[in-house]
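# Structural overview for review
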Amino acid sequence: MDIKDPAEKTDEELANTALDNQEYFYYLMKRYEKRLLSYILHISNFSSGDAEDVLQEVFIKTYKNLRAFDKSLKFSSWIYRIAHNETISEYRRKKASVSTISLDDKDTEIIMKSLKSSHDIKEDLHKKDIKEKVREVIYALPAKYREVLILRYIEDKDYQEISDILKKSMGTVSTLVSRAHKHFKKEARKRKLDMLI
Amino acid sequence: MNKTDVSQNILDKIKKEHIKPVPKWHFMLKKSVIWGLFAVSLILGSFAFSLILLHINEVEWDIYEQAAGSMWGFVLMVIPYFWIVFIMGFIFLAYYNFRHTETGYRYNTFYIVLISIGASILIGTGLFAFGVSEGLEDAFSENVPYYKDLNFGRHKIWVMEERGLIGGKIIKVRAVDDFDLKDFQGKMWIIRVEEKPDPTFPRLNKLKSVIIPKPGLTVKVIGVKENDNVFKAFEIRPWKRVERFIRIKF
C-alpha cells in the first residue's frame, strides 16, 4: 500500500499513482494550476474565463494521456507542452488578435532586466509608462519569439526544457532566443526605448 | 468569499464523464507505425540509390559522341533523374517520419538528413552489389506502365535508331551475322553485322564483346540505320555489362 504523503511525491510518482487512483491526479493539478493558468494567459490574449476553459482541457488531456508520458522528459516539460499546444489550438480556433496584454508589472520587469545588455538598471525602468511600452514591444514580437522569451524569463525554463515543451531542437531554441533579443531591441528602438538597447 | 477549486471541478468532471487514461497499447501502436514508416522510407530510399548505381554502372561512356554529340550532353542524358527524384522524396519522408518520433525533434535537421542519406547509400550499395537492383529494374520495366516507354530506365539510350543505337530481344537467328531483333519499342529489325565499320564511324571502345546471337537474348546494337527495317551493326553488346554472382529475381 502506498502510504507516502502526496506532497512528498515527485510529479512522476504522482502521475504513476494517478493511473491507479484518480484522487492523486488532484494533487498533480493543484501543483500546476496557477503556473499553467499564468502561462496560458501570457501566451494568449484570453480572458480569465477562457484561460480556465483551456486549463480544464489541458488537465483532461493530461489525464487521458498519462500512459503516454515519456519518462525521459521532466513531467513539467510534458504538461507545459500540452498546455502550449492546447492554447495554440484554441487561439487558432478563436482566430483572436492580440488586443489585451496579459503580462503584469512584475513579469514585465523580469523581461526588461533579462534583455537589458548592461547590468545597470536605471531608475526610469520602473516607471509605469515605460513598462507599458515594454509590454507593447513584447506583444509586437512574432509569436515564436514571444513564446521563448516568456518560457525563458518568466517561466524560468532552461533550454532543454524549452526544447521539450516546444518540440524543437536545442540549437533552434538557442537561435530563437538570440533572434528574440534582436527583435526586441529593434522594436524597442522603434518605440524610443533606448535604455533597453 | 469561497474560491472555486478549479482542480476539484476538473476531477469531478473526470469522474462524472468516466474519463479514463488511454491504454498503453494505443501509444505503442502509434510509435510502431511511425518508426515503421521511417524504416520503410529508408529502405525505399536504399532501393532508389541501388538503381541509381545500376544506371551509372551500366553507362557505356565510349558511345557518348554517337548518342549525344558531346560528353556534357551525354552526361545530362544518362543521369537517372527519375530515381534521383524518388530518392529525394524518400529521404524527405524518412526525415519527416523521424521528426514525428517521440524524441526526433531533439536532433538537428542537417544530421537527420545526413544520416538518412548515409543509410540509403550504405544499404543501397549492398543491394546493388548483390544484384537486387537489377531484379528491381527488370520488374519495373516489365510491370510498371510507361517506365520503359518514357525512357526512365536504361533503355533510353538504346532507342535512338537515327543515331545508330538500338537495343532489344533477338527473335530469330539466320546466321551469326544475320538475325531479327525486336527493339524496346516493339519494332522489328533485320540486323546485318558488318565486321569492319565505316571509317567515318565514331571510334568505339577497343574491347569488343563477343556475342553469339541466340533467340531470347537481349542485346545492344551499335551501327547505322539503313532503312526502316534494316540495321547495319558494327558491334553487338550484351545488355548487361557485368553478370552478377548472385541475382535476385522479383
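A quick note: this is a predicted structure, and the numbers were derived from the prediction, not measured.

What follows deals with the overall build of chain A. Across its full length, chain A holds 9 helices and 0 strands. The buried share of chain A, reckoned over its 197 residues, is 48%. Excluding contacts between residues fewer than 6 apart, the proportion of contacts in chain A whose partners are at least 24 apart in sequence is 63%. Surface accessibility of chain A: about 9,900 Å² in total, with carbon and sulfur atoms responsible for 47%.

This part is about the confidence of the model for chain A. Predicted coordinates in regions of low pLDDT should not be interpreted in detail. Averaged over every residue, the pLDDT of chain A is 84; the share at 70 or more is 85%. In the predicted structure, residues 118-123 of chain A sits below a pLDDT of 50 and forms 2 contacts with residues beyond four places in sequence or in another chain.

Next up on the list: helix H4 (residues 75-94) of chain A. With 20 residues, H4 of chain A extends 29 Å between its outermost C-alpha atoms, agreeing within 8% with the 28 Å of an ideal straight helix rising 1.5 Å per residue. By the criterion of burial, H4 of chain A is predominantly enclosed, with 14 of the 20 residues buried.

Let us now look at the domain arrangement of chain A. Residue and element names in this part refer to chain A. Domain parsing of chain A yields domain 1 (6-94) and domain 2 (105-196). For domain 1 and domain 2, the distance between their C-alpha centres works out to 25 Å. Domain 1 puts 14 residues into the contact, and the matching count from domain 2 is 14 residues. Both sides together, the interface formed by domain 1 and domain 2 hides about 1,300 Å², and carbon and sulfur atoms give 49% of it. Of all residues in domain 1, the largest losses of buried area upon contact with domain 2 belong to His42, Tyr80 and Arg81, amounting jointly to 42% of the total for that side. Summed over the shared surface of domain 1 and domain 2, the number is 1 salt bridge. Here Glu161 makes a salt bridge to Lys74, at a shortest N to O gap of 3.0 Å. One can count 5 residue pairs in polar contact (both at pLDDT 80 or more) joining domain 1 with domain 2.

Parameters and conventions
Residues numbered from 1 in each chain as written. Chains lettered and ligands numbered in written order. Predicted model: local features only at pLDDT ≥ 70, side-chain atom pairs only at ≥ 80, totals over all residues. Heavy atoms only, no water. Helix = DSSP H or I, 4+ residues; strand = E, 2+ residues; numbered from the N terminus. Buried < 20%, exposed > 50% of the residue type's maximum accessible area, 1.4 Å probe, protein only. Contact = heavy atoms within 4.5 Å. Areas by Shrake-Rupley, 256 points an atom, 1.4 Å probe, with all protein chains shown as cover. pLDDT = per-residue confidence, 0-100. Expected span 1.5 Å × (residues − 1). Domains from an automatic or database assignment. Buried area = accessible area lost by both parts, 1.4 Å probe. Salt bridge = Lys/Arg side-chain N within 4 Å of Asp/Glu carboxyl O. Polar contact = N/O pair within 3.5 Å; in protein donor to acceptor, adjacent residues only side chain to side chain.

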